[in-house]
Amino acid sequence: MDNVVHNATLRTMLSTREPTIRIQDIVDDGKIAVLRLDPSLGETEKNFITTPLVRRFYNAKKMSENEDPFFCVWDEFDKAVTRESNVDEMLSEAGGYGLWFVLACQAPSYQLPESLTNAVESQIETFVSFGTSGQDAKYIAGQHTIDDSDLSNLSRYSMYMRTHDDNDDFTHSYRVNTFPPVREVRSEVGNANLMSDTDVIDLKRRSVERYGEIPETAEEIKDESHFFGTPSGQEAESTTLTPWQQSRVCKAIYDEALRQGTDDGFVFLNDVTERLDDYLHDVDVSTPSKVSSALDYLSAREIEREDRGGKLYVRCTEQGKQAIFSGGNSLTDDDESVQENNGGEGHKQLLRDAYDPLMDTGLLVDILQQDGSDMPDATANLDDALQLDDSASAREIANRVDEFEDEEPVLTQLTDLNNVSIEAEKATGSTKQGQTIKNLASAVNDGEQCLFIARESIAPNVWKALAEEPLGAHENHKPDGETRFYNLHPLSIDDEQIYRDSAREDVWVRNERTGEYILRDSSGEEHACFPTWRASSPTTGTLRSILERPRTFGRSKPRSFPSTSSTTASYRIAATAGTSLLCHLMATRSKSTLTA
């Protein structure tokens, strides 16, 4: 690393936070860039700078939508390439992208790696050779239809050229006289319009004053460097993609392939950029080069790349899909992993199996990164199906919604044109009806539809828990004539448990003979009795008056309350109290949606 740290040119280049030029813009706009290296640089420094720069131009042309040819003139390239540079690979592919190289060197016979000389012989379209001698003349003559002596005796400013004719066949080598350098013939021409040497120097000075920038000092570079902390007044920027963000790149490619319905899963990379921008909210992927940088974090194990007619196509592999469904955990060590969905491998596999069919309906499904809170397994929306621009007016939105309801009646029923919470029920429909009811309650509290997915053998149990009487109730409850509802948590207000002493839980039961709803604790002591479920609604004030008296509640005599005309159950207080009585009322309220 000493060459990098101590060389001023390399240090300045690597430490620059905001470059003044972008290679992608140069290629896209067809601009001309002249890059001049410091002559004092050693071979290692030249290799370190030039090969990555040329590869950046190569990648920029691959990503560019500008189909005009782009020419890269690389003088003395033999001094900056090594066996590890893989320039031969670029030569074999560059023409397909419209990138053409003009490679110039003085000693090709012994300074170039063998792989590169082979690529030159097989890939170069035109050979231009000036005078030389010895081993170089013999090597160069092998690319022409002349002898090495012809090259040894060639005069100044003359060259031999061999190229292709109209039939794409190689021509014979022929001699060409070139123009002498302007500096040598300026005085002979005597044209008053030509600039003098003094004028040229003055032009360079004015150009530097207008377009140049004063180089930063070593101290300024240190102050702005990421290695020495965050610059004052700026927030730290992420220089890498986290495993979760890498999984989002995989998801963008996979989702786009599902939307396009490609047979082999490959999609044109430019078709993925908008989806990447949506999925990576805190990562800048606004340009093709930044998209390419994001892809660089993923290997061929997750993303396959394939050139098709000069365009880059990508496909999410099986390992890439694993990254999607694991929230990026498959890409990192255990100590850096994010929390996955609970429920075991069978639960995760159910989500994987349901993903493609749900996407096929037109839903845009997102398996959530769990944070330990009460979250659904996944969410879905109609962003892809509705195809509304952010700038759409209220009238345009209304018209599109009307069209969508006619075109997609099933999706309209499933979603009610709203966001959807998705819950995977591996076995909870038969063993934990209370959790199933709670999942529904959480979705309703958030103003969303709740879509349950289950195996065919489990689906009837989920339906029974949600839509058949008794709703959310224990199947094996004694005594007879009572229905006991599932309670997921002890009854509490503001996280303060209501019951004291030996009473560890609250129990809601329904007397099937009288229809009354009874609240008792685990010891069997009754604390309240309601003639109907509507009377127990917190909106009537009766249940709330009980819940707000925790100090005497556990010892008080059972109270009976009259019926009330209130017709609305409070969803929010139900989720807070955690009582399945109120949760099952939500299922009743949402029964028409579930049936649809």
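Remember, predicted model here, so these are calculated numbers, not experimental data.

Student: What am I meant to see in the pattern of salt bridges here?
Tutor: Pairing is possible between side chains of opposite charge, provided their charged atoms come close. Scanning the entire structure with this criterion turns up 18 salt bridges. A salt bridge links Asp366 to Arg248; its shortest N-O distance comes to 2.7 Å. On the criterion of sequence distance, the pair formed by Asp366 in strand β9 (residues 364-367) and Arg248 in helix α13 (residues 243-260) is long-range, its members being 118 residues apart. Each member of the pair, Asp366 as well as Arg248, carries the same accessibility label: buried. Here Lys251 ties to Asp255 by a salt bridge, and the two come within 2.9 Å at their closest N and O atoms. Of this pair, Lys251 and Asp255 both sit in helix α13, four residues apart, which is roughly one turn of that helix. The class for Asp255 is buried, based on a relative accessible area of 0%. Taken together, the salt bridges that share partners define one network made up of Asp202, Arg205, Arg206 and Glu209.

Student: Would you mind showing me how to read the layout of surface pockets here?
Tutor: Unfilled space is identified by rolling a water-sized probe across the atoms. Reported here for the second largest pocket is a volume of approximately 1,100 Å³. Taken together, 35 residues form the lining of the second largest pocket, with Leu103, Ala104, Ile124, Thr126 and Val128 sitting closest to its centre. Of all the secondary-structure elements, those providing two or more residues to the lining of the second largest pocket are β1 (70-75), α5 (87-94), β2 (99-104), α7 (114-123), β3 (127-129) and α8 (134-141). With six residues, β2 is the single largest residue contributor to the lining of the second largest pocket.

Student: Can you help me understand the packing of α5 against α7 in this one?
Tutor: Each pair of packed helices can be summarised by the angle the axes make with each other and by the distance between the axes. Interaxial distance between α5 and α7 falls to 8 Å at its minimum, and their mutual angle equals 15 degrees. The angle between α5 and α7 falls in the class roughly parallel. In terms of crossing hand, the pair formed by α5 and α7 is left-handed. Across the interface between the two elements, Val87, Asp88, Leu91 and Ser92 from α5 touch Ser115, Leu116, Ala119, Val120 and Gln123 from α7. Of the residues in the contact of α5 with α7, the class split is five nonpolar, three polar and one charged.

Student: Hey, could you run me through the sheet that holds β3 in this one?
Tutor: Two pairing modes exist for strands in a sheet, parallel and antiparallel, and in both the strands are linked by backbone hydrogen bonds. What the three strands build is an open sheet, ordered β3-β4-β5; its pairing is antiparallel. Edge positions in the sheet fall to β3 and β5 (174-177), since each has one partner strand and no second. In this sheet, adjacent strand axes meet at a mean angle of 30 degrees when their direction is disregarded. In terms of strand pairing, β3 meets strand β4 (residues 158-162) through three bridges, oriented antiparallel. By the bridge assignment for β4, Val128 is matched with Met161.

Student: Please clarify how the sheet that holds strand β7 (residues 303-308) should be interpreted in this entry.
Tutor: Across the sheet, which stays open at both edges, the three strands sit in the order β6-β8-β7 with antiparallel pairing between neighbours. The sheet terminates laterally at β6 (267-268) and β7, the two strands that pair on one side only. Where β7 lies against strand β8 (residues 311-316), six bridges are found, and the strand directions are antiparallel. Opposite Glu304, over in β8, you have Arg315 as the bridge partner. The sheet strands contacting α13 are β6, β7 and β8, and the helix crosses β8 at an angle near 100 degrees.

Student: Is there a simple way to think about unusual backbone geometry in this case?
Tutor: Excluding glycine, a negative phi dihedral is what most residues carry, and trans is how most peptide bonds are arranged. Positioned with a positive phi, Glu76 is a non-glycine residue whose angle comes to about 50 degrees. Within the secondary structure, Glu76 sits in the loop between β1 and α5. Residue Glu76 is classed as partly exposed on the basis of its relative accessible area, which comes to 29%. In this model, Asp416 sits at a positive phi of 55 degrees, which is unusual for a non-glycine residue. Looking at the element boundaries, Asp416 is found in the loop between α20 (409-415) and β11 (420-425). Assessed through its relative accessible area of 54%, Asp416 is described here as exposed.

Student: Which parts of the structure should I look at to understand the environment of Ile32?
Tutor: Along the chain, the position of Ile32 falls in the loop between α3 (23-29) and α4 (43-63). Along the backbone, Ile32 and Phe71 are 39 residues apart, and their C-alpha atoms lie at a distance of 9.3 Å.

Student: Sorry if this is basic, but what is going on with the side chain of His144 here?
Tutor: With respect to the helices and strands, the residue His144 is situated in the loop between α8 and α9 (148-152). If we skip the residues at most four places from it in the chain, His144 touches Phe127, Ser129, Tyr160, Met161, Arg162 and Ser173.

Student: Explain the pairing of strand β12 (residues 449-454) to me, please; I cannot follow it from the model alone.
Tutor: On a regular strand, one side chain projects to one face of the sheet and the next to the other, so that they alternate. The element β12 is extensively covered by neighbouring structure, given that five of its six residues are classed as buried. Bridge count for β11 against β12 is six bridges, and the pairing is parallel. Opposite Ile422, over in β12, you have Leu451 as the bridge partner.

The rules we used
- Per chain, residue numbering runs from 1 following the sequence as it is written.
- The predicted origin of the model limits local features to residues at a pLDDT of at least 70 and limits the giving and counting of side-chain atom pairs to 80 or more, whereas totals for whole chains, interfaces and linings rest on all residues.
- The side-chain values count all of the structure's non-hydrogen atoms but skip hydrogen atoms and water molecules.
- Counted as salt bridges are all cases of a side-chain nitrogen of Lys or Arg within 4 Å of a carboxyl oxygen of Asp or Glu.
- Per the convention used, a helix needs a DSSP run of H or I reaching at least four residues, while a strand needs a run of E reaching at least two, with both numbered from the N terminus.
- Burial classification: accessible surface area is computed with a 1.4 Å probe over protein chains only, and a residue below 20% of its type maximum counts as buried, one above 50% as exposed, and the rest as partly exposed.
- Only protein atoms enter the calculation, which uses a 1 Å grid: trapped sets of points that fit a 1.4 Å probe without letting it out are cavities, open sets showing protein on both sides within 12 Å along at least five of seven lines are pockets, and any residue with an atom within 4 Å of a point is a lining residue.
- Grid points are joined across faces, edges and corners, and a volume is the space filled by probe spheres set on the points.
- Structural elements are reduced to axes, namely lines fitted to C-alpha atoms, with helices fitted over the stretch in contact, and the angle between N-to-C directions of any two is expressed from 0 to 180 degrees.
- Relative orientations are named as follows: roughly parallel for angles under 35 degrees, roughly antiparallel for angles over 145 degrees, roughly perpendicular for angles from 65 to 115 degrees, and oblique for any other angle.
- Two helices crossing with the near one rotated counterclockwise from the far one by less than a right angle form a left-handed crossing, whereas a clockwise rotation gives a right-handed crossing.
- Two residues qualify as a contact provided that any one of their heavy atoms is within 4.5 Å of a heavy atom in the partner residue.
- When residue character is reported, Ala, Val, Leu, Ile, Met, Phe, Trp, Tyr, Cys and Pro are called nonpolar, Asp, Glu, Lys and Arg charged, and the others, Gly included, polar.
- In this description, strands pair whenever DSSP reports at least two bridges between them.

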